[in-house]
Amino acid sequence: MEYNFREIEQKWRQRWVAQQTYKVTEDASRKKFYVLNMFPYPSGAGLHVGHPLGYIASDIYARYKRLQGFNVLNPMGYDAYGLPAEQYAIQTGQHPAITTEANINRYREQLDKIGFCFDWSREVRTCEPGYYHWTQWAFQKMFGSFYCNACQKAQPIEKLVEHFAKEGTANLDVAQSEELSFTADEWNSWDEVKQQQVLMNYRIAYLGETMVNWCPQLGTVLANDEVIDGVSARGGFPVVQKRMKQWCLRVSAYAQRLLDGLETIDWTESLKETQRNWIGRSEGAEVEFKVKDSDKSFTIFTTRADTMFGVTFMVLAPESELVQELTTPEQKAAVDEYLAYVKKRTERDRISDRKVTGVFSGSYAINPFTGEANPIWISEYVLAGYGTGAIMAVPAHDSRDYAFAKHFNLPIVPLVEGCDVSEESFDAKEGIVCNSPKAGATPYIDFSLNGLTIKEAIAATKKYVKEQGLGHVKVNYRLRDAIFSRQRYWGEPFPVYYKQGMPQMIPEECLPLELPEVDKFLPTETGEPPLGNAKKWAWDTKTNSVVDCSAIDNETVFPLELNTMPGFAGSSAYYLRYMDPHNDQALVSPEADEYWQNVDLYVGGSEHATGHLIYSRFWNKFLFDLGVSRKEEPFQKLVNQGMIQGRSNFVYRIKDTNTFVSLGLKDQYDVTPLHVDVNIVSGDVLDVEAFKAWRPEYATAEFILEDGKYVCGWAVEKMSKSMFNVVNPDMIVEKFGADTLRLYEMFLGPVEQAKPWDTNGIDGSHRFLKKFWNLAQNILAQNTQTAPTAAELKSLHKLIKKVTEDIENFSYNTAIPAFMIATNELTQLKCTNPAILEAMVVLIAPFAPHIAEELWESLGHSTTVCDAQWPQFEEKYLVEDTVKMMVAFNGKTRFGIDFPADADNTTIEAAARNHELTSKYLEGKQIMKVIIVPKRMINIVCK
RNA sequence: GCCCAGAUGGUGGAAUUGGUAGACACGAGGGACUUAAAAUCCCUUGACCAGUGAUGGUCGUACGGGUUCGAUUCCCGUUCCGGGCACCA
């Protein structure tokens, strides 16, 4: 019988749906395993062969775990809110919901063809009210919480209110936007609005006036991870800094826990490193400097407290409030001029040209270690948002300070033995300290740092700063709070209305607050977000319902929030929702959450390292504090699948002609390379007729061939429509079958590695399946009932061992060759034993489920192969009595000799002396050492 | 600039983590079957040298050193490619 993959695959696709083969339910008697893919944004372009890579890898693991007896949750859904659908809506008037629905249907159709074991009954879409109900709910909980530093967890805001009423801000250790100080009496005397304003300083979801990344072309703000090199990650439009009132999430409060959590999870080191960089913890000291001839003082942050003796000037950020306070009247004009200059510069200007600029404030600061007065400068190289917005400059040991000192001719004092600072600063934190005053030499300090290593000196100075009350030890993080408002239509609406300018949450029982209809998806004429176009978008507090905007009276009917939530809102807790997707009483029931816990294996791209993977960890930690999530870390193990790049093909057109010249001859002409559709190129040879038919302008094209063929050039590029290098999985499935596609994608190389797609090699995978099929048909036809031979068992168990290990390690690319080898061996052994075939069918089921099901049925089983048992490896079938080992003398390979498999040094030595091939080499020689490499070789060191 | 990960045939990639480097596949070359093509099967395929031949030898895992009986693997230095962070003090 032929291997008719089309018939087989269609048959099993239908049967899996009919029998609900992949539907899972919580089952306390079985161990759970949760496999998850990063859910896709359903774009209009559909899937290309790169998309399913991760899905196939996780599908193999899910199927393998199921065969091992685990109850496997492997859900799929859609990250359905997003910019492309909205921009399409702006251009065409087509409602984003319609576009999104159409795209989802196309995705689903494509996914269904590849044979995944997703439980589609658990599908979620972030744009559905039943789903974003819980996104809104979590937001309200964040609004109703503050972060307690002392207990390192989120707490209800009521506790903070209680604290304020009793002690004001005394004994308060909480995460906050700015440090406030007030008494209980003051708090109690304030009215509701004032109290609410103060509480905003502490809420985890808060409305904050902050500098945001504003993208004028997109008409919205962007989070830090959405901005790359001063332009938007999506679209590449310029981004400017703008002060705006926005919803923010206090992610920074969780910085330390986000950092610590990395130690407990099984992610790649490079991904953890990326997150560590993003969180950017730095340990240092805040030191207070008094201003000369003034009662003012200010605090700086430094990680190099050891360089206190190398300070020669101070620098303030232009945006710092200290600038106004410390500028002397004489310098005011110069400072104002400088501030005006800085204000004109965009983020992009700052990044692209880093010229040294600055202005002297006129004031001096007293170094608390030496009593020296140092000039206070103002410069844009100091950032307002980091540390205290003020630094002590140590030009000898900081390259930025160095550049500044050279430019403005300020002194440079080196502090490390033997360092040369005539050309550049010495930034390394290594070496021995010198040039610090002797103990007792100044009235300010009674010890010397000279002779200490930098590390010791840092510790010593920090300790001194703390003891003397000159400042305190401080940890700073680069991680900023996430800006949570977007001026868009196609996103989750905030469940918020405004009363007296203060945000109010709509009652929890009224959630979800559904996205209203608008007739235009653009911002309003007055510059309000698109929701400003909605007619029915006001909250009636009497009826607790959405009413027409015309009813707004600001007494019982109030305007609703016009911003929507960003993309990461819906993707932050979706893995919890899959556990209990139809629950309308809770995000997830405690029972479902207790059973599924967290994701055991998460598969997705590393491009989400500083976005989704930070936000969802934060979101989950918050839910953990609330007691909603059982596990502090959502994704125990994470595998990053590498991007599949496109392999583009080129044709070479001779300039100003319609003649194309083959690759090997192109250097003889002046040519322009042009992308050509890879689907009309096979093995880099162009299908000339198809090319003429491809585009009208090529209908009359002429060709200069080599050896009768037109050979194309090629390059590895991103897979994209514009490069004509997109390979569609549907086409591959049609031509070779889903099992071949699955096998080939895994065979291409390690899952984690980026690699170019090359359809040429797919024959090999397809050929293997045919061979496997033929072997199976042969066995089924003969159906010998005798016991398997030792050779057959050896072949099988070698395979079991290899495949089991490789799946565990995600080395699918090495598991597949093992199948090829075993199939060849068993074919050569003329195996006719169905027991051997049965085991092989189970082993291959995760990789090629359709063919496995078909053969499983042929073997007489009435259940699906998914309910089979993973074969057990038994060592005894691999053990051999004798082993052929290479005997080498002093490392030089000489002879292959059979030895007993369990031979030790003494027997080997004796055997070597007696053996006809080796005895003469050893005659009269002394054996120094015998090294046995198990089952491989023996090296005899002799002289 | 700092941090992380890499570099193996014409190509994608293996190598039991210190033990016969190049598994497996693609491509290429040769052959068988076929009127022919497709499909299938078999052989060769890192480079160089010697030999009619079986075969033997030398070199070879980016480059230069080191440790070791033995290094693709460990250590030091250099070059190149990829990723992250970046006037973050």
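Residues numbered from 1 in each chain as written. Chains lettered and ligands numbered in written order. Predicted model: local features only at pLDDT ≥ 70, side-chain atom pairs only at ≥ 80, totals over all residues. Heavy atoms only, no water.

1. As for the overall build of chain A
Then comes step 1: The secondary structure content of chain A amounts to 29 helices and 36 strands.
Then comes step 2: For the C-alpha atoms alone, the extent of chain A along its principal axes is close to 100 × 90 × 75 Å.
Then comes step 3: Within chain A, the fraction of its 943 residues that count as buried is 52%.
Then comes step 4: Accessible surface for chain A amounts to roughly 42600 Å². Of this, 49% is attributable to carbon and sulfur atoms.
Then comes step 5: Put simply, chain A has 98 plus and 124 minus side-chain charges, and the middle of one group is 4 Å from the middle of the other. (Helix = DSSP H or I, 4+ residues; strand = E, 2+ residues; numbered from the N terminus. Buried < 20%, exposed > 50% of the residue type's maximum accessible area, 1.4 Å probe, protein only. Areas by Shrake-Rupley, 256 points an atom, 1.4 Å probe, with all protein chains shown as cover. Lys, Arg positive; Asp, Glu negative; His and termini not counted. Charge placed at Lys NZ, Arg CZ, Asp CG, Glu CD.)

2. Section: the pairing of strand 11 (residues 297-302)
Then comes step 1: Alignment of strand 10 (residues 282-291) against strand 11, held across six bridges, turns out to be antiparallel. Paired with E288 across the bridge in strand 11 is T299.
Then comes step 2: Between the end of strand 10 and the start of strand 11, which pair antiparallel, lie five residues, with D293 showing a positive phi angle near 55°. (Pairing = 2+ DSSP bridges.)

3. Quick notes on unusual backbone geometry
Then comes step 1: With an omega of 0°, the peptide bond running from L511 to P512 counts as cis.
Then comes step 2: Positive phi outside glycine occurs at F724, with the angle close to 55°.
Then comes step 3: Note on F724: relative accessible area 24%, which makes it partly exposed.
Then comes step 4: Unlike most non-glycine residues, F810 shows phi in positive territory, near 60°.
Then comes step 5: Locating F810 in the fold gives a position in the loop between helix 24 (790-808) and helix 25 (812-828).

4. Quick notes on the sheet that holds strand 20 (residues 538-540)
Then comes step 1: If you walk across this open sheet you meet the three strands as 21-20-22, and the pairing is antiparallel. In the strand order of this sheet, the two ends are held by strand 21 (545-547) and strand 22 (557-559), each with one partner. With direction set aside, neighbouring strand axes in the sheet form an average angle of 40°.
Then comes step 2: By the bridge criterion, three bridges tie strand 20 to strand 22 in an arrangement that is antiparallel. Bridge pairing in strand 22 places D540 opposite V557. (Axes fitted to C-alpha atoms, helices over the stretch in contact; angles between N-to-C directions.)

5. So, the environment of E128
Then comes step 1: Structurally, E128 is set in the loop between helix 4 (96-112) and helix 5 (129-143).
Then comes step 2: Judged by relative accessible area, E128 falls into the partly exposed class, the value being 38%.

6. Some points on helix 27 (residues 849-858)
Then comes step 1: Of all ten residues in helix 27, eight are buried; the element is thus mostly enclosed.
Then comes step 2: Taken as a whole, helix 27 has its buried residues at P849, H850, I851, A852, E853, E854, L855 and W856.
Then comes step 3: Residues of helix 27 that are buried in the fold lie against helix 1 (5-19), helix 2 (52-67), helix 22 (738-747), helix 23 (762-782) and helix 26 (834-844).
Then comes step 4: Among the residues trailing helix 27, G860 stands out with phi positive, at a value near 95°. (Contact = heavy atoms within 4.5 Å.)

7. Here's the deal with the nonpolar core
Then comes step 1: Counting residues in hydrophobic clusters, the biggest one holds 191 residues, and the most contacted among them are W247, L249, F484, Y812 and F847.
Then comes step 2: Grouped together as the second largest cluster of nonpolar side chains are 42 residues, L322, Y338, L339 and V465 included. (Core = buried A, V, L, I, M, F, W, Y, C linked by side-chain atoms within 4.5 Å.)

8. Digging into the pattern of salt bridges
Oppositely charged side chains can form a pair if their charged atoms are brought close together.
Then comes step 1: Enumeration over the complete set of coordinates arrives at 40 salt bridges.
Then comes step 2: Measuring nitrogen to oxygen at the nearest pair gives 3.3 Å for the salt bridge that ties R125 to E101. One end of the pair, R125, is in the loop between helix 4 and helix 5; the other, E101, is in helix 4, with 24 residues separating them in the sequence.
Then comes step 3: Owing to a relative accessible area of 13%, R125 belongs among the buried residues under this scheme. (Salt bridge = Lys/Arg side-chain N within 4 Å of Asp/Glu carboxyl O.)

9. Brief notes about the packing of aromatic side chains
Then comes step 1: Within this structure, the stated rule accounts for 67 aromatic pairs.
Then comes step 2: Between F360 and W377, the ring centres sit 5.8 Å apart and the planes meet at 45°, which makes this aromatic pair tilted. In this pair, F360 sits in strand 13 (residues 359-366) while W377 sits in strand 14 (residues 373-378), placing the two residues 17 residues apart along the sequence.
Then comes step 3: Connected via pairs of aromatic rings, a cluster forms that spans F33, Y61, Y64, F70, F810, Y812, F819, F847 and W870.
Then comes step 4: R203 extends its terminal NZ or CZ atom over the ring of F143, reaching a point 3.7 Å from the ring centre. (Phe/Tyr/Trp six-rings, centres within 6.5 Å; stacked < 30°, edge-to-face > 60°. Lys NZ or Arg CZ within 6 Å of the ring centre and 35° of its normal.)

10. Comments concerning the sheet that holds strand 17 (residues 482-483)
Then comes step 1: Strand order across the open sheet formed by four strands is 6-5-9-17, with antiparallel pairing between neighbours. Edge strands, defined here as strands with exactly one partner in the open sheet, are strand 6 (220-222) and strand 17.

11. Quick look at a negative patch on the surface
Then comes step 1: A cluster of acidic residues, D420, E423, E424 and D427, forms a negative patch on the protein surface.
Then comes step 2: Examined against the element boundaries, D427 turns out to sit in the loop between helix 14 (399-408) and helix 15 (454-467). (Patch = residues over 30% accessible without salt bridge, like charges linked within 9 Å, V, L, I, M, F, W, Y side chains within 5 Å.)

12. Re the packing of helix 10 (residues 269-279) against helix 19 (residues 612-626)
Then comes step 1: At their nearest, the axes of helix 10 and helix 19 sit 11 Å apart, and the two run at 75° to each other. Between helix 10 and helix 19, the angle is such that the two are roughly perpendicular. Residue-level contacts link L271, Q275, W278 and I279 of helix 10 to L613, I614 and R617 of helix 19.
Then comes step 2: Here the residues of the contact of helix 10 with helix 19 are counted per class, giving five nonpolar, one polar and one charged. (Parallel < 35°, antiparallel > 145°, perpendicular 65-115°, else oblique. Nonpolar A, V, L, I, M, F, W, Y, C, P; charged D, E, K, R; others polar.)

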